[in-house]
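Commentary on secondary and tertiary structure
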Amino acid sequence: MDEQSLRVRVRQCIVASRLPCAPGQKTYAGFGDGRCCDICASEIGPRDVQYEVDFVADGVRTRTLIMHFACHTLWHEESQCGRPQHRPDEYIALAGADRD
Ligand SMILES: [Zn+2]
């Protein structure tokens, strides 16, 4: 999946609340252990840099996102961590641009 398609997917998931749009409380980086990326759904191999982002509420971990380094960067850019929420028409424009 190319970067533009992934970016559209990330935005759609954020809009549908399938991905958080706020930063996690803890972020870890290491090498992949065979689990699948929450963004692109591909396996994160032992030579790939893997990011784990924990979300914590009331001292309890509520969710952990597992991502490739590049996917984490995309998610970070598209979520509120990176910049303000996009307008809905911007999502539509991007989704349309993906269909060539
Ligand atoms: Zn990925």
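Described in the following lines is the structure provided in the data block. (Residues numbered from 1 in each chain as written. Predicted model: local features only at pLDDT ≥ 70, side-chain atom pairs only at ≥ 80, totals over all residues.)

1. Some words on unusual backbone geometry
- Even without being glycine, Ser 17 reaches a positive phi, approximately 65°.
- Note that Ser 17 resides in the loop between helix H1 (3-15) and strand S1 (26-31).
- Its identity is not glycine, yet Ala 41 carries a phi of approximately 70°, on the positive side.
- Under the C-beta neighbour-count criterion, Ala 41 is labelled exposed, with 10 such atoms within 10 Å. (Helix = DSSP H or I, 4+ residues; strand = E, 2+ residues; numbered from the N terminus. Buried ≥ 20, exposed ≤ 12 C-beta atoms within 10 Å, placed from the backbone.)

2. Quick look at the packing of H1 against helix H2 (residues 69-78)
- Their axes nearest at 10 Å, the elements H1 and H2 cross at an angle of 55°. The orientation of H1 with respect to H2, classified from their angle, is oblique. Our pair here, H1 against H2, has a crossing hand that is right-handed. Contacts between H1 and H2 pair Leu 6, Arg 7, Val 10, Arg 11 and Ile 14 from the former with Cys 71, Leu 74, Trp 75 and Glu 78 from the latter. (Axes fitted to C-alpha atoms, helices over the stretch in contact; angles between N-to-C directions. Parallel < 35°, antiparallel > 145°, perpendicular 65-115°, else oblique. Left-handed = near helix turned anticlockwise from the far one by under 90°. Contact = placed C-beta atoms within 7 Å.)

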